[in-house]
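Descriptive structure summary
Listed here are the chains, written in short residue letters.
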Amino acid sequence: DTRYLRWLFPRHMKSNLYRLCYTPLGQDVSVCNYWNDPHHRDLYLNSSDFLAVLNDERLNPNASAWKRNLLRIQNLVLIGGPDDGVITPWQS
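A few points on the structure. Because the structure is predicted, anything quoted here is derived from the model rather than measured. (Residues numbered from 1 in each chain as written. Predicted model: local features only at pLDDT ≥ 70, side-chain atom pairs only at ≥ 80, totals over all residues. Heavy atoms only, no water.)

1. Thoughts on the packing of aromatic side chains
Enumeration according to the criterion identifies 1 aromatic pair in this entry. Their ring planes at 65° and their centres at 5.2 Å tell us that Tyr-34 and Phe-50 sit as a pair that is edge-to-face. With a gap of 16 residues between them, Tyr-34 in the loop between helix H3 (30-33) and helix H4 (41-47) and Phe-50 in the loop between H4 and helix H5 (51-54) connect regions that are remote in the sequence. For Tyr-34, a relative accessible area of 53% puts it in the exposed group. Residue Phe-50 is classed as partly exposed on the basis of its relative accessible area of 32%. (Phe/Tyr/Trp six-rings, centres within 6.5 Å; stacked < 30°, edge-to-face > 60°. Helix = DSSP H or I, 4+ residues; strand = E, 2+ residues; numbered from the N terminus. Buried < 20%, exposed > 50% of the residue type's maximum accessible area, 1.4 Å probe, protein only.)

This is how it looks when you write it as structure tokens:
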């Protein structure tokens, strides 16, 4: 839920939050670590320490081990719901 960000950044939040998120300081904030701004793709790819690496959009020395471990999973249960307010649409 990112509604609290409007309180912290009341003006121009939507258009300028990427400036904070794609800094080393911003990457220490959980919301920013999951931030993928399609309007600033180059900054996302070069600055995202978690999501771009996890999505294999940036070079990752652990990618082979991560793939091996993921393929070992025999049962995976993912739970979501229409009222979580975070993932939109929730079926994603």
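2. Remarks on the pattern of salt bridges
Throughout the structure, instances matching the rule amount to 1 salt bridge. A salt bridge links Arg-41 to Glu-57, with the nearest nitrogen and oxygen atoms 2.8 Å apart. Taken together, the residues Arg-41 in helix H4 and Glu-57 in the loop between H5 and helix H6 (63-72) connect sequence positions 16 residues apart. Residue classification places Glu-57 among the partly exposed positions, given a relative accessible area of 30%. (Salt bridge = Lys/Arg side-chain N within 4 Å of Asp/Glu carboxyl O.)

3. Side note on the side chain of Asn-60
Looking at the secondary structure, you find Asn-60 in the loop between H5 and H6. Take Asn-60: its relative accessible area is 9%, and that puts it in the buried class. A polar contact is formed between the side chain of Asn-60 and the backbone nitrogen of Asn-62, at a distance of 2.9 Å. In contact with Asn-60, other than residues within four places in its own chain, are Val-53 and Trp-66. (Polar contact = N/O pair within 3.5 Å; in protein donor to acceptor, adjacent residues only side chain to side chain. Contact = heavy atoms within 4.5 Å.)

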